[in-house]
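Chains, contacts and geometry: an overview
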Amino acid sequence: MSTVTPPDGGREEETVTVRRSESADAQGIDSLISPEAAELFGSVNVLQLLEKANLAVTVANEEDDIVAHASFLDHPVGELVDQADWELFLHQNFSTESCTPLNTLFLHLFVAQPTFATASVKAIMRAVFNAIPELEHICLVGPNVQPLEPALNDTFEPLQRLTDPGPQCLALICHRRQHFPRLHIRPARVEDHDDIMRMFKEQTSLLSVFDQPYLLTELIEAQHEDNPTAVCEIGGVTVGFICVTTDVDMQKLRGGFELGDFDALHEPQQSDDEDEPRWTQTSEKQEETRSTGAGRFSEELDAFSIQLFVMDKKYEMRSVDFIPYLFKLFPDLDLCVITAPTLSPEFPLLQSFIRLEPRAAGSLLRELYVFHRVGLRPVEVRAAVAADRPAVSDLVKDLALSESLLHDLDCYYASDTDAVRLQAFVAEVDAQVVGTLIIRDEQDMEYVRAHYNIENFIYFSHHGAEEHARIRHFVLRRCVQHFTRHLFKEVLRLAHRSCLYHRVHPAHHRQQEDSCVHHLDFLLNCAVPVRPRRQIIFPLEELGVNAPSRQITEHQAPFALCLISRKLTLEPKVTVNARVVVVGASDTGLSFLEVLCLCPHLRFNNLTLVSTHGFPGDYDHEDGAFLSTSHAYSGRDLARLPLRACVSVVTGKMVGINRKSKHVLASGGAKVPYDHLVLCTGLQYRAPCPRSVDVTRPVSNSELQSRAARRGHAGPVLSNLLTLNDLDDCAAARRWLGANFVKREDNAVVYGNNIDVYATVEALLGLGVRGSRIHVVLPPPEPGAASSSCFSDPVVEEAVASATERADVQVHRNCLLVSMKTGKQPEALRSASFTTDAKPLHLQCAVFINLSNRGVDYDAFKSVNGSFLVFDSRLVIDATFRTSDSAIYGAGPVTKFSRCYHSEEWSHANFNSKEVGQDLAATMLPLFDPTRELADEQPPEEGRLVPLYRRAKVQDRATTVSHITSSEWDKLKNPLHYSRSFPAVFSSRVVNHVTNHSFTFHSRSPISRQFQGL
């Protein structure tokens, strides 16, 4: 917030906000365009200008009325000169040697309420120079030579002409020094103590550093050449302080971070060419060299470290002014390093640094950032020429897809008109190639627009078809990572494009991947993830000529989409380094991660998923036939989300939680540190624990149920005892059955009483197993259960029972497992015994498929209980997902609400798990997002209410065999897609607990897509 005052003093000062413009401002901006502004800037389509502007700034008052607006682009106004050639034009005709694409923007529109024009232009210029640290000049260059209004006339000065008469155009310039000058850096003095302490007191989190009296004074007095201190000042007032040292604790840094990209912070061996800059580049070859211990660097440290840093909030964007000064103090060192706590927001100084990846086994609670001396040199981006090929080849020689990149580069040089148009660019520092970017026409724009919500970020109608391009290859040296946005901004200008798209294919589709991107993180830091659209499934044959275009309906390999547009090139993201660990790849956990990864203005660096089988990957549809599905995520859905690119995966089960050290212990010994832990493991079928009783003695099922402990099998693992919980289990079961059971004559026992049992029967029949070999054993319902059947419709239950009988599948009801016996091979189960309402049941079996005893996984229970979190048959949480530990959250069926809510019948298991995960993300986002405010504590009466959700809970699977008759089918209520040619019955139950509605669909064709998004 700031104030603007009219120069005549005729009105009171106005409190205003200077912010980035939004599309909704277009009408208000258009109303401010005067005839004089139209003559100066030409005919302006405001909405299109906002779409194409690199930076658009609006001044709004407290009622959000538009007071003033300015739009800035990276080229002059109008058609005075081609946007790719303005630099040469200015340098030939005007004295603009210091103007470069990196440090110069052009004003394309300024409008304001007349009484506030002068104050508004000053506020805008100050805000723009403050927001873009590298910006030095703002030019007003256009074909219309018109008198300026007083506000602009006071702000801009004419450019000195080098030619006479020269081009007839308006050429003016505004310099940084007039509005937000660079800060003056000097050594710290004892007299600066009070100013420095004032800044520390304003940032209370840093005040504890100097809790000892006179410590800061002693630090300044004791400074020397290896441990200097410095301050920055403006107008004689100290606004920043920094303390550095050459004493770097390399042992800690090596143990906590991957230092290979910068030669482990040691000085590289001397090159044969002494004049060649000292570069560093990650490559698989170099990593292999380091891992084998072959040294390519000396033992001398090549880095200094920032120990203390504090900056006045008003000037923190100018903290980069410290960096050149520090490197002048250490002319023989190439690297500056700084560490920051993971939970602290990334301050502006770090935006110029390069974040290094922490080691998987690292225990430091900090992030490491590095700045290379090369980053002080200017970067030039230009179109590639044939002479660049050797340098580009050397740049990418160790990358996996370098041949594909060089092939496209050669096609670009050949200007093959028959091929898709390619454009290649290189980035140079001191005439040495440090990066390359190759783009091509985006020919699938209709498909992209139909399948992804790109309209969330652009107005599609304001971008020409030729302005969309796809990133084919992107390589940039790590030492100049902070120039990535500038590289994309320049490529968009030089290529006359407005949008760049990048497709991220999942690992199981990488055979189609021929795009060389190194590093992907650089690109993701600049691009916004685009959410995929829900698709209509068109009956193409029935629609005929009325069907949508094939460009929209064609099948393509799934991919996650990222977008970079002109207006995003100067909009930095908020970096979040907090370590968020999610345990369990359930619908709830994936939904939570989806929301975080799709936040366009946030970049999460430390998202980790701990899952038994790793990240859910692509799978055969038949593998999932053993279990029902909620339709929350299919393999294709997951492939269209950027989860794999944004989330680290630890494969293994959670076997322990250390709340003191804040880490999760995974099977295999991996320790996963966290700042925020989310437990959403769901419920699993657990291996049954037989009730060891003498089956020769009469005993009732009710007696066994009342004294039975719900625990898992604790004996040796039996090879033919299959417990199915996820698609990986189903795929493994299918392989095992094909190799060890299908061609034999032994029996299969399927134990459980739920919809998954009938899905498994259908899967076994689909494998070619005769029905007479399948025994379905249904245990009695749990005490207090409303129904003994898993079907909500008695007509369906009757049809399924009749069809099962005709398929010769043997069904045994009200049976409890009491013993399992092995044969000659102790690791294989040979028979199982059950109690019934009559005499005991003994079944020989070659495979026992368990779909019973569903509850909290034993390792998860042991981890929760061992860490003293409250557990009451489920993990206990409050209405905001918190457990008894404020750093640990729980969500999904594994949880229950605390008894203080007096709602034992309600839990997350009653609701749509995907919606629960989204609500969890919405609850936690204020912890990371500065644009959101943390919710105030709820009033006591509201704090006792549990949240309710509206989306339906869906359970769907093929649940009957293919022996149902047409007469039985006709009895089913409201059949969908009735077709006598399709023999199977699909039953889906949809429950909405908020409106207390429960209904079942029955269909002879799969209806999975009908329920997506319910």
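All of the points below concern the structure found in this document. (Residues numbered from 1 in each chain as written. Predicted model: local features only at pLDDT ≥ 70, side-chain atom pairs only at ≥ 80, totals over all residues. Heavy atoms only, no water.)

1. Observations concerning the overall build of the protein chain
Inclusion rule: For helices the rule is a DSSP run of H or I covering at least 4 residues; for strands it is a run of E covering at least 2, with both sets numbered from the N terminus onward. Each residue gets one of three labels from its accessible area relative to the maximum for its type: buried under 20%, exposed over 50%, partly exposed in between, using a 1.4 Å probe on protein chains only. Should any heavy atoms of two residues lie within 4.5 Å, those residues are considered in contact. Method for areas: the Shrake-Rupley scheme with a 1.4 Å probe, in which residue coverage is limited to the protein chains shown.
The secondary structure content of the protein chain amounts to 29 helices and 50 strands. Here the protein chain holds 1014 residues, and the buried ones make up 54% of them. Summarising the internal contacts of the protein chain: among those between residues at least 6 apart in sequence, 75% fall at separations of at least 24. Accessible surface, the protein chain: about 45,800 Å² in total, of which carbon and sulfur atoms supply 49%.

2. Concerning unusual backbone geometry
Generally, phi is negative for residues other than glycine and the peptide bonds are trans, each holding for most cases. Here the bond from Asp-164 into Pro-165 is cis, since omega is 10 degrees, no more than 30 degrees from zero. In this structure, Pro-165 sits in the loop between β7 (157-158) and β8 (170-175). In the segment running from His-518 into His-519, the intervening peptide bond is cis, with an omega of 5 degrees. Within the chain, Phe-868 stands out as a residue other than glycine whose phi angle is a positive 65 degrees.

3. Brief notes about the nonpolar core
To keep it simple, the criterion reads: Remark: nonpolar core denotes a set of buried residues (Ala, Val, Leu, Ile, Met, Phe, Trp, Tyr, Cys) joined through side-chain atoms within 4.5 Å.
Counting 83 residues, the largest nonpolar core has Leu-265, Phe-474, Phe-488 and Phe-592 as the members making the most contacts within it. Examining the composition of this core, we find that six residues originate from one element, helix α20 (residues 587-597), more than from any other. Sequence-distant contacts of Leu-265, defined by excluding residues within four places in its chain, comprise Met-250, Leu-253, Leu-259, Leu-301, Asp-302, Ala-303, Leu-335, Val-337 and Val-370. Judged by nonpolar contacts, the second largest core, of 75 residues, contains Ala-56, Phe-129, Ala-151 and Tyr-369.

4. Quick look at empty space enclosed by the protein
The line we're drawing: A pocket, in this scheme, is an open set of points on a 1 Å grid over the protein atoms alone with protein on both sides within 12 Å along at least 5 of 7 lines, while a cavity is a set where a 1.4 Å probe fits but cannot get out; residues line either one if an atom lies within 4 Å of a point. Grid points are joined across faces, edges and corners, and a volume is the space filled by probe spheres set on the points. Asp, Glu, Lys and Arg are counted as charged, while Ala, Val, Leu, Ile, Met, Phe, Trp, Tyr, Cys and Pro are counted as nonpolar; the rest, among them Gly, fall into the polar class.
Considering all chains together, one arrives at seven cavities of 30 Å³ or more under this definition. Approximately 120 Å³ is the volume attributed to the largest cavity. Every residue lining the largest cavity is counted, 15 residues in all, and those nearest its centre are Pro-529, Lys-573, Cys-597, Arg-603 and Cys-646. For the lining of the largest cavity, the secondary structure elements donating two or more residues are β24 (528-530), α20 and β28 (602-604). At three residues, the largest contribution of residues to the lining of the largest cavity is made by β28. Of the residues assigned to the lining of the largest cavity, the class counts are 13 nonpolar, no polar and two charged.

5. Considerations on the packing of α20 against helix α28 (residues 913-924)
Counted only if it meets this: The convention used is that axes are lines fitted to C-alpha atoms, helices contributing only their stretch in contact, and that angles between N-to-C directions extend from 0 to 180 degrees. Here the word oblique covers every angle except those under 35 degrees (roughly parallel), over 145 (roughly antiparallel) and from 65 to 115 (roughly perpendicular). Here a crossing is taken to be left-handed if its near helix is turned anticlockwise relative to the far helix by less than a right angle, and right-handed if that turn runs clockwise.
At a closest axis distance of 7 Å, the pairing of α20 and α28 adopts a crossing angle of 45 degrees. It follows from the interaxial angle that α20 and α28 lie oblique. The two elements α20 and α28 cross, and the hand of that crossing is right-handed. Taking contact as the criterion, the partners of Asp-587, Thr-588, Ser-591, Phe-592, Glu-594, Val-595 and Leu-596 in α20 are, on α28, Ser-913, Lys-914, Val-916, Gly-917, Gln-918, Leu-920, Ala-921 and Met-924. For the contact of α20 with α28, the class distribution of residues is seven nonpolar, five polar and three charged.

6. What about the packing of aromatic side chains?
Inclusion rule: Within 6.5 Å between ring centres, the rings of Phe, Tyr and Trp (the latter by its six-membered ring) count as paired, and their orientation is classed by plane angle as stacked under 30 degrees, edge-to-face over 60, tilted in between. Two limits define a charge over a ring: the Lys NZ or Arg CZ must be within 6 Å of the ring centre, and within 35 degrees of the ring normal.
Tallied over the full model, the rule gives 20 aromatic pairs. An angle of 40 degrees between the planes, with centres 6.5 Å apart, marks the rings of Tyr-447 and Phe-559 as tilted. Here Tyr-447, found in helix α15 (residues 445-451), pairs with Phe-559, found in the loop between α19 (550-553) and β25 (560-565); they are 112 residues apart in sequence, far enough to count as distant. For Tyr-447, a relative accessible area of 2% translates into the label buried. With relative accessibility at 0%, the residue Phe-559 sits in the buried group. Between Phe-604 and Phe-928 the ring centres are 5.4 Å apart and the planes differ by 85 degrees, which places this aromatic pair in the edge-to-face class. Pair noted here: Phe-604 is in strand β28 and Phe-928 is in the loop between α28 and β48 (953-958), with a separation of 324 residues, a long-range link. Above the plane of the ring of Tyr-452 lies Arg-640, whose end atom (NZ or CZ) is 5.5 Å from the centre. In this structure, Lys-914 is placed above the aromatic ring of Tyr-633, and the distance from its NZ or CZ to the ring centre is 4.6 Å.

7. Some points on helix α5 (residues 117-131)
Operational definition: The span you would expect from a helix comes to 1.5 Å times its residue count less one.
Relative to the 21 Å expected for 15 residues at 1.5 Å per residue, α5 spans 21 Å between its end C-alpha atoms, a close match to the ideal helical length. All buried positions along α5 are accounted for by Ala-117, Ala-119, Ser-120, Val-121, Ala-123, Ile-124, Met-125, Val-128 and Phe-129.

8. Considerations on the pattern of salt bridges
Basically, it comes down to this: When a carboxyl oxygen of Asp or Glu is within 4 Å of a side-chain nitrogen of Lys or Arg, the pair counts as a salt bridge.
In this structure the tally under the stated criterion is 48 salt bridges. Across the salt bridge formed by Arg-470 and Glu-442, the nearest N and O atoms sit 3.2 Å from each other. Taken together, the residues Arg-470 in strand β21 (residues 468-476) and Glu-442 in the loop between β20 (432-441) and α15 connect sequence positions 28 residues apart. The pair formed by Arg-470 and Glu-442 is uniform in burial state, with each residue classed as buried.

9. Considering a nonpolar patch on the surface
What counts is decided by this rule: Patch rule: a residue counts if its relative accessible area is over 30% and it has no salt bridge; like charges are joined within 9 Å, and nonpolar side chains (Val, Leu, Ile, Met, Phe, Trp, Tyr) within 5 Å.
On the surface, Ile-536, Phe-538 and Leu-540 cluster together to form a nonpolar patch covering roughly 270 Å² of accessible area. Checked against the element boundaries, Phe-538 lands in the loop between β24 and α18 (540-543). Since its relative accessible area comes to 33%, Phe-538 is described here as partly exposed.

10. Some thoughts on the sheet that holds strand β46 (residues 888-890)
What counts here: For two strands to be treated as a pair, DSSP must find at least two bridges joining them.
Spatially, β30-β29-β27-β34-β46 is the arrangement adopted by the five strands of the open sheet, whose pairing is parallel. The strands lining the two open edges of the sheet, one partner per strand, are β30 (647-651) and β46. Averaged over neighbouring strand pairs, the angle between their axes works out to 20 degrees when direction is ignored. The pairing of strand β27 (residues 580-583) with strand β29 (residues 607-611) spans four bridges and is classified as parallel. If you follow Val-582 over to β29, its bridge partner there is Leu-609.

11. Quick notes on the sheet that holds strand β42 (residues 841-844)
Taken together, three strands build an open sheet; the order of strands is β40-β41-β42 and the sheet is antiparallel. Each edge of the open sheet is held by one strand with a lone partner, namely β40 (816-822) and β42. Ignoring which end each strand starts from, the neighbouring axes of this sheet average 20 degrees apart. Bridge count between β40 and strand β41 (residues 829-835): six bridges; the pairing is antiparallel. Paired with Leu-817 across the bridge in β41 is Phe-834.

12. Some points on the environment of Leu-90
Looking at the element boundaries, Leu-90 is found in helix α4 (residues 86-93). When the C-alpha positions of Leu-90 and Leu-162 are compared, they lie 9.6 Å apart, and in sequence the two are 72 residues distant. With sequence-adjacent residues up to four places away left out, Leu-90 is seen in contact with Thr-96, Phe-106 and Val-141.

13. What to know about the side chain of Ser-319
Quick note on the threshold: Contacts described as polar in this section are N or O atom pairs within 3.5 Å, which, within protein, must combine one atom able to donate a hydrogen with one able to accept it, while residues neighboring in sequence count only if both atoms come from side chains.
Looking at the element boundaries, Ser-319 is found in the loop between β14 (303-311) and α12 (322-329). For Ser-319, the side chain forms a polar contact with the main-chain nitrogen of Leu-349, separated by 3.5 Å. Those residues in contact with Ser-319, other than ones at most four positions away along the chain, are Phe-309, Met-311, Pro-348 and Leu-349.

14. Some remarks on the pairing of β14
This is how the line gets drawn: Here is how to tell: hold the view so the strands point away, follow the path from the first strand over the helix to the second, and if it runs clockwise the crossover is right-handed.
Among the nine residues that make up β14, eight are buried, leaving the element largely enclosed by the rest of the structure. The parallel pair β14 and strand β15 (residues 335-341), bridged by α12, forms a crossover whose chirality is right-handed.

15. Considerations on the packing of helix α13 (residues 389-396) against helix α14 (residues 402-414)
Direction vectors running N to C along α13 and α14 enclose 165 degrees, while the axes themselves pass 10 Å from each other. Looking at the two axes, α13 sits roughly antiparallel to α14. The hand of the α13/α14 crossing is right-handed. Residues Arg-389, Val-392, Ser-393 and Val-396 of α13 touch α14, and the partners they reach there are Ser-402, Leu-405, Leu-406, Leu-409, Asp-410 and Tyr-413. Tallied by class, the residues present in the contact of α13 with α14 amount to six nonpolar, two polar and two charged.

Just geometry here; none of it tells us what the structure is for.
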